[in-house]
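Take a look at the letters that make up each chain.
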Amino acid sequence: MGVFRSLIFLLSFQLLHVAKGSMVWLNESGYEDLVVAINPTVPEDANIISNTMTMIKDASNYLFEATKHRFFFKSVKIILPKTWTKKNYLRLKTESYDKADVIIADPHLKYGDEPYTLQYGGCGKKGRYIHFTPNFMLDSSLVQVYGERGRVFVHEWAHLRWGVFDEYNINAPFYVSENAGVQATRCSAGVTGKPVFQNCIGNKCETRECQYDGQLYEAGCAFVPELNQNSKSSIMYMQYLPSVVEFCDKYTHNYEAPNMQNKICNYKSTWETIMESDDFRNSSIVTSLKPPFETTFQLLQTQDRAVSLVLDVSGSMAASNRITNLRNAAEVFILQIIELGSWVGIVTFESSATVRSLLVQITSASRRQSLVQYLPTTASGGTNICAGIEKGLQIITEKIGTTYGSEIVLLTDGEDSGMSVCRERVRESGAIIHTIALGPSAASELEEFSNMTGGLKLYAVDVDVPSKLIEAFSEITAGSGDISEQSIQLESKEQTVPSSGWINDTVTMDNTVGNDTFFVFSWSIKQPFFFLRDPKGKEYRSSDFTIDTSNLKTARLGINGTAEVGDWHYYIQNDYTAAQIISVTVTSRAASSDIPPVTVHAYMEVANIAPNPVVVYAEVSQGFLPVLGATVIATIENDLTAVSLPLFDNGTGADMTKNDGVYSSYVTSLNGNGRYNLKVSAQGRKKTIRLGHRQNRALYVPGYIENGKIQMNAPRPEVADEEIQANLGSFSRISTSSIKLDNSPNPTSGFPPCKITDLDAYIENETVVLTWTAPGGDLDNGKADHYIIKSSANLLVLRDEFDNAASVDSSHLIPQEAGSSETLTFKPVNLVIENGTVIYIAIRAVDDTNLISDTSNIAKATWFIPPKASVPSDEGNASGGVNITLIVAVVAGCVVLVCIIISSTVCILQTQKKRRDPAIRM
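Residues numbered from 1 in each chain as written. Predicted model: local features only at pLDDT ≥ 70, side-chain atom pairs only at ≥ 80, totals over all residues. Heavy atoms only, no water.

Here's the deal with the packing of helix H10 (residues 322-337) against helix H15 (residues 467-474)
Part 1 of the reasoning: Relative orientation of the contacting elements H10 and H15 amounts to 35°, with a least axis distance of 8 Å. Along this stretch, H10 crosses H15, giving a crossing that reads as right-handed. Between H10 and H15, the contacting residues are Asn325, Leu326, Ala329, Ala330, Val332, Phe333 and Ile337 on the first element and Leu469, Ile470, Phe473 and Ser474 on the second.
Part 2 of the reasoning: Residues belonging to the contact of H10 with H15 are distributed by class as follows: 9 nonpolar, 2 polar and no charged. (Axes fitted to C-alpha atoms, helices over the stretch in contact; angles between N-to-C directions. Helix = DSSP H or I, 4+ residues; strand = E, 2+ residues; numbered from the N terminus. Left-handed = near helix turned anticlockwise from the far one by under 90°. Contact = heavy atoms within 4.5 Å. Nonpolar A, V, L, I, M, F, W, Y, C, P; charged D, E, K, R; others polar.)

What follows is the structure, given as structure tokens:
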């Protein structure tokens, strides 16, 4: 038992880092159980299946070569929508669309066909999923701009599996190198090509060599590679090129390039990063010249959802209002959450298990109401979790004929030493087990079942109203990928209201939701006075609500049709003689199947940086487009305490990438081991909200050069900001998650400041100007005590020998609160700033206990006049400037012929030099 528990703990720790519940595992260098899922909105097309198979077979061979005969793809499962023609496809087991490693789905607003990988965390952290569009899988012309599909797949797989980043930079396609030349942002630097400017008017395009703009190449200039190269790297730059069959390693890596791989991975090459992965450590080189196994495929098809509610009614459930809250929350699940067409049954357990309702299909509101009548109202007896699970599986088998692909929602508040009895039964069932731990004493082994089956692990804090349990149940939506059918939480809150006190607040109904909308008010003692007003002023009083006549203390209002867009105001007064807790829950579904609703997904994990703090993520998106500018607040709590903190999408602190719709923050105040619940509230207002574009994507190749001739591809499709924001308005969303800590990351000595990741530097008037975002004293909370700033003419000196680099005086700079903008100017010591000057700067922050942050990103400041650059004219001079050669000749003539005025000539020349030296801001 002890060995097994250690194994389970190791597994649960690893799952904190696994992409979205991915079940991929490495079997003797071969990846098994890779899951590709096709979105239900994709029209049926057998070519998508065949092309997917071909892509992954090609990728397996390419990956095997790229990793020096170390990895390949052994087995793949492809999930087909249930709307596609039913053939002899296999049933799903624990696989699902929302846990797939690769999804094939149309982009929202048809924003291009760029393959990309969604990555939350930092270097070496697994991503969430790879996204291909149906058009990418079907349109062979896209091979011209992205390369062969198998090569693109390996590019994205490296993002997903090994946490490496792109080696190009659309926003900074060129940079000034240490040898004072302008270079394309690429890896390796040995990739040859030329800078080309393409000007298109309608369907007519003209190309020419790029011109300098006084700093770098003009805006819109692109690097066009030679098609036939000698360079073998790198796959994370341009897998399109036939010669590219390797990742950049420490010998070929271009550490100067201003790309995400250098920034996020501390200037390490992609191959060095891959070598640090668990996969690499647990594998060895295969001696054969090609993968030892052909990739095998299974075709699976989504079926109707089948769910058993397996609910604890043991004696402990009678305490703290738990059985009442359980009934209330399960009622919300049946009436509001579970999707139409699903099959639902109810089992309760204490010392033994009882079937309260066999599986029935949810076909109408009346069927929902009839099923609610079987929910439990009383609690007594012991706790036998395995008995409940066995009954839950039994009623599924009786109706469906198999437990494959089914779900069990297991809720318990107590311990059970006999859970090992049914462990193998659970493993073999092919069912997904979602667990809800209620209160502080729920079985510590509970999450084992979720880990084994890919189910959700949820935790609800004990309160006198059902809101916490409702939040947990609301997360258990169908994993089919059909977001239009899923219930979405718009509001969930509880508040202790004094006698005669009010709760006056609003819930925003945006135009992406509004169907099947419910308002639920609950109270702990006595029914309060309340009413609701819609955006047009229509009022709903208590007589319009359905008020439970039993002891459930709940009022529910369903809005007919599609709810009005705008702010819904609710007013609740506690007219009881003492304070009581009152809760508000609002759920809705998509207003239209054509417009994806705004969604929020909460996620929490242990970071892989010392001393391993917890980091919180909230992904806010509409369809596949990130939502920017939202106000996102996270609340982390257990039965003892709660802490709230804002999450940011600014590319600093815990947030790795700015404007990717993933809002993040470190948590530094957790009270030891145990379960923690995460609740994320996201709100947006029209004036601040906009949609963005996905990052970490395959490079759209602008063209190529073959036999000296430039062949340009069509310009990369762009969508105007007006179009991308057309369907986005104000919104409110709630999402929950949980984490169980067995080794608390909270050190007694506190946390150091977080790493500064947005340090920027440029030269102005022979002075270096630094800007960055202030870290905290504890990671990204509070403020640091002081900064240590170093400079060098060599980037690697700062990375590897920071303490030995030249110091920059920052003694006068007092750090500000985390998130504030910091600025420092200084003149380099023992360095003359002249044309071609390159200086690197890095920072460490120190807190008041002398804990020191990691070294920041390394900023580069350059003073550079590009060759052939025109010299800016003096003010009022319309001639456009003076040639440098002419100036030198004039000066020489003056020295010979007008020596008597040499001192004044020198002054004039110095003044002119300052005017004509443009600085490069890097």
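Description of the packing of H10 against helix H11 (residues 365-372)
Part 1 of the reasoning: Contact geometry for H10 and H11: axes closest at 9 Å, N-to-C directions at 160°. Classed by the angle they form, the pair H10 and H11 counts as roughly antiparallel. For the element pair H10 and H11, the recorded crossing hand is right-handed. Contacts between H10 and H11 involve Arg327, Glu331, Ile334, Leu335 and Gln336 from the first element and Arg368, Gln369, Leu371 and Val372 from the second.
Part 2 of the reasoning: Tallied by class, the residues present in the contact of H10 with H11 amount to 4 nonpolar, 2 polar and 3 charged. (Parallel < 35°, antiparallel > 145°, perpendicular 65-115°, else oblique.)

Structural notes on the pairing of strand E13 (residues 204-209)
Part 1 of the reasoning: Counting buried positions along E13 gives 0 out of 6 residues, so the element sits mostly on the surface.
Part 2 of the reasoning: Sheet topology places strand E12 (residues 193-201) next to E13; 6 bridges connect them, and they run antiparallel. From the neighbouring strand, Cys200 faces E13, where its bridge partner is Cys205.
Part 3 of the reasoning: Here E12 hands over to E13 after 2 residues, with Gly202 in that stretch at a positive phi of 65°. (Buried < 20%, exposed > 50% of the residue type's maximum accessible area, 1.4 Å probe, protein only. Pairing = 2+ DSSP bridges.)

Notes on the packing of aromatic side chains
Part 1 of the reasoning: Following the criterion strictly, the structure yields 33 aromatic pairs and no others.
Part 2 of the reasoning: With a centroid separation of 5.9 Å and 40° between ring planes, the pair formed by Tyr31 and Phe73 is classed as tilted. In this pair, Tyr31 sits in strand E2 (residues 30-32) while Phe73 sits in strand E4 (residues 72-73), placing the two residues 42 residues apart along the sequence. The same class applies to Tyr31 and to Phe73, which are both buried.
Part 3 of the reasoning: Measuring from centroid to centroid gives 5.8 Å for Tyr120 and Tyr603, while their planes differ by 65°, and the two rings are edge-to-face. Here the residue Tyr120 occupies a position in the loop between strand E8 (116-118) and strand E9 (129-132), and Tyr603 occupies one in strand E31 (residues 598-606), the gap between them amounting to 483 residues. Pair check on accessibility: Tyr120 and Tyr603 agree, each one buried.
Part 4 of the reasoning: Lying across the ring of Trp271, Lys68 places its NZ or CZ 4.8 Å from the centre.
Part 5 of the reasoning: For Arg186, the ring lying beneath its charged end belongs to Phe223, and the centroid distance is 5.1 Å. (Phe/Tyr/Trp six-rings, centres within 6.5 Å; stacked < 30°, edge-to-face > 60°. Lys NZ or Arg CZ within 6 Å of the ring centre and 35° of its normal.)

Let's talk about the nonpolar core
Part 1 of the reasoning: Among the nonpolar cores identified, the biggest contains 71 residues, and Phe132, Phe153, Trp157, Trp162 and Phe247 are the most heavily contacted of them.
Part 2 of the reasoning: Here this core gets 8 residues from one element, more than from any other, and that element is helix H2 (residues 46-66). (Core = buried A, V, L, I, M, F, W, Y, C linked by side-chain atoms within 4.5 Å.)

What to know about the side chain of Lys468
Part 1 of the reasoning: As for its position among the elements, Lys468 is in helix H15.
Part 2 of the reasoning: Beyond its immediate chain neighbours, meaning those up to four positions away, Lys468 contacts Ala460, Val461, Val463, Glu494 and Glu637.

Digging into the environment of Asp758
Part 1 of the reasoning: Considering the arrangement of structural elements, one finds Asp758 in the loop between strand E41 (731-741) and strand E42 (760-764).
Part 2 of the reasoning: In this structure the C-alpha to C-alpha distance between Asp758 and Thr773, which are 15 residues apart in sequence, comes to 6.7 Å.
Part 3 of the reasoning: Not counting residues within four places of it along the chain, the set of residues in contact with Asp758 comprises Thr652, Thr771, Trp772, Thr773 and Asn857.
Part 4 of the reasoning: Polar contacts involving the side chain of Asp758 include one to the side chain of Thr773, which spans 2.5 Å. (Polar contact = N/O pair within 3.5 Å; in protein donor to acceptor, adjacent residues only side chain to side chain.)

Here's the deal with the sheet that holds E2
Part 1 of the reasoning: The strand order across the open sheet built from 3 strands is E1-E2-E4, with neighbouring strands paired in mixed fashion. If you trace the sheet from one side to the other, it starts and ends with strand E1 (25-27) and E4, each paired once.
Part 2 of the reasoning: When E2 meets E4, the two strands line up parallel, connected through 2 bridges. Along E4, the bridge assignment pairs Gly30 with Phe72.

Some remarks on unusual backbone geometry
Part 1 of the reasoning: Of note, the amide linkage connecting Cys187 to Ser188 takes the cis form, showing an omega dihedral of 5°.
Part 2 of the reasoning: By the element assignment, Ser188 lies in the loop between strand E11 (182-184) and E12.
Part 3 of the reasoning: With an omega of 20°, the peptide bond running from Ser233 to Ser234 counts as cis.
Part 4 of the reasoning: The phi torsion at Ser320 lies on the positive side, around 55°, for a residue other than glycine.
Part 5 of the reasoning: Looking at where Ser320 falls in the secondary structure, it is placed in the loop between strand E16 (306-312) and H10.
Part 6 of the reasoning: Even without a glycine there, the phi angle at Asn707 is positive, about 55°.
Part 7 of the reasoning: By secondary structure assignment, the location of Asn707 is in the loop between strand E39 (703-706) and strand E40 (709-712).

Things to note about the sheet that holds strand E43 (residues 767-773)
Part 1 of the reasoning: A sheet is described by the order of its strands in space; here 3 strands give the open sequence E42-E43-E46, paired in antiparallel fashion. Each edge of the sheet is formed by a strand with only one pairing partner; in this case those strands are E42 and strand E46 (821-826). Across the sheet, the axes of successive neighbouring strands diverge by a mean angle of 20°, strand direction being ignored.
Part 2 of the reasoning: In terms of strand pairing, E43 meets E46 through 6 bridges, oriented antiparallel. Bridging from a neighbouring strand, Val768 pairs with Phe826 of E46.

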